[in-house]
Amino acid sequence: MIMKNPFLTNKQSQESFDYSDGHTPEHIAIIMDGNGRWAEKRGMPRVAGHKEGLSTVVKVVKMAVKCQVKILTLYTFSTENWKRPKQEVDTILRLPKEFLSVYLPDLIANNVRIEAIGDLENLPAHTREAMQFAIDRTRDNNGLLLNMALNYGSRNEILHAMKGLLKDINDSNQSLDELDEQQFSNYLYTAGMKEPDLLIRTGGEKRLSNFLLWQLAYTEFWFTDVLWPDFSEMEFLRALKDYRQRKRRYGGI
Ligand code: IPE
Ligand code: IPE
Ligand code: MG
């Protein structure tokens, strides 16, 4: 199905974009970086950048629904982000509730299912409860899976998986020789989710910052200098178009 992109106005960006030709990444993971610098450039407090970044989240979720992406994983707060000043941490951790209190009805209307990955137990109660409420309310939806990485760190995830796995192996008679990658990945927070096809990082840095180290083994990477609050529908489509040019070989020829 060929559609005009309704968000775009100039001639070049109005070129047809086929949203459903089978080459759209099924799982897109995004490191949403650059909020602080966006605000600092404007002489505003860093938290203003996080609030502005929330409107980009809304735009990108809409685009993911439109493009029939199956899973959108958003790196929202890392296990390392606790190092920031308390006021900034508090602001970031209030954003999920702010977002859901406004947009949950829209998300439900669009058949979006919400999930979270990370060490949720150590989040403030208001963050955890807002997420749990949204997860429960959208459990039966089968459209886009909006997966929020909250208090997420890949090393924490791998260690958490190891502990669960070792406990189960201790409690069973399973021989270690039978342990395989599939079984191990079932202990990760992302158990049951297809691995990301495309990773987008905004804000110019070329690193993973402890994001999905296991799951990104064969993912295509796309970096942009655009700061997250400035990331637009057009940039999102640029990433998708670039992805279509990639040849994924998985070690084959
Ligand atoms: C990303 O923006 C958001 C979070 C890490 C929560 P930053 O706050 O890291 O913005 P910069 O990188 O300092 O510009
Ligand atoms: C990664 O961004 C974490 C999130 C986007 C939530 P950071 O800004 O924390 O990463 P570093 O510190 O530049 O590696
Ligand atoms: Mg940053």
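Numbering of residues begins from 1 in every chain and follows the order in which that chain's sequence is written. In the order they appear in the text, chains get letters beginning with A and ligands get numbers beginning with 1. Only residues with pLDDT of at least 70 are given local features in this predicted model, and only at 80 or more are side-chain atom pairs given and counted; all residues enter the totals for whole chains, interfaces and linings. As a rule here, side-chain values come from all non-hydrogen atoms in the structure, and water together with hydrogens is ignored.

> What is the right way to read the site of ligand 2 from this model?
Being near a molecule or strand, for a residue, comes down to having at least one heavy atom within 4 Å of it. Taken together, Ile31, Met32, Asp33, Tyr75, Thr76, Phe77, Asn81, Arg84, Arg201, Arg207 and Ser209 make up the full set of residues near ligand 2. N or O atoms within 3.5 Å of each other form a polar contact, as long as, within protein, one can give a hydrogen and the other can take it, and as long as residues adjacent in sequence are counted only when both atoms are side-chain atoms. One nitrogen or oxygen atom from the side chain of Asp33 is found 3.1 Å from an oxygen atom belonging to ligand 2. One nitrogen or oxygen atom from the side chain of Arg201 is found 3.4 Å from an oxygen atom belonging to ligand 2. Here ligand 2 loses 79% of its free accessible area of 390 Å² to cover by the protein chains. For the purposes of this entry, the term helix denotes a DSSP run of H or I that reaches at least four residues, the term strand denotes a run of E that reaches at least two, and both are numbered from the N terminus. Among the elements that take part in the shell around ligand 2, strand 4 (residues 71-78) stands out by supplying three residues, more than any other. When its residues are assigned to classes, the shell around ligand 2 shows four nonpolar, three polar and four charged. Accessible surface area values rest on a Shrake-Rupley calculation with a 1.4 Å probe, where residue burial reflects the displayed protein chains alone. Ten residues, namely Ala, Val, Leu, Ile, Met, Phe, Trp, Tyr, Cys and Pro, are considered nonpolar, four, namely Asp, Glu, Lys and Arg, are considered charged, and the remaining ones, Gly among them, are considered polar.

> Quick question: what am I supposed to make of unusual backbone geometry here?
Leaving glycine aside, a negative phi is the common case for residues, and trans is the common case for peptide bonds. A positive phi angle, close to 50°, is found at Asn151, a residue other than glycine. Phi at Leu212 takes a positive value of approximately 50°, unusual for a residue other than glycine. Looking at where Leu212 falls in the secondary structure, it is placed in the loop between strand 7 (198-201) and strand 8 (220-223). A 1.4 Å probe rolled over the protein chains alone gives each residue an accessible area, and that area as a share of the maximum for its type sets the label: buried under 20%, exposed over 50%, partly exposed in between. Judged by its relative accessible area of 2%, Leu212 falls in the buried class.

> How should the site of ligand 1 be read in this particular structure?
With respect to spatial proximity, 13 residues lie near ligand 1, and among them Asp33, Gly36, Arg37, Arg46 and Arg84 are the closest. With the chains in place, 87% of the 380 Å² that ligand 1 exposes on its own is no longer accessible. If you list the elements that add at least two residues to the shell around ligand 1, you get helix 1 (35-41), helix 2 (46-66) and helix 3 (86-109). Per-element tally for the shell around ligand 1: the top contributor is helix 1, with three residues. When grouped by side-chain class, the residues that make up the shell around ligand 1 number two nonpolar, six polar and five charged.

> Just to check I follow, could you spell out the pattern of salt bridges for this structure?
A side chain of one charge can pair with a side chain of the opposite charge if their charged atoms are brought near each other. In what follows, salt bridge is the name for a side-chain nitrogen of Lys or Arg lying within 4 Å of a carboxyl oxygen of Asp or Glu. In total, this model carries 17 salt bridges according to the counting rule given. Between Glu88 and Arg46 there is a salt bridge, and its shortest N-O distance comes to 2.9 Å. Taken together, the residues Glu88 in helix 3 and Arg46 in helix 2 connect sequence positions 42 residues apart. We classify Glu88 as buried; its relative accessible area is 5%. In this structure Arg46 comes out as partly exposed when scored by relative accessible area, which is 29%.

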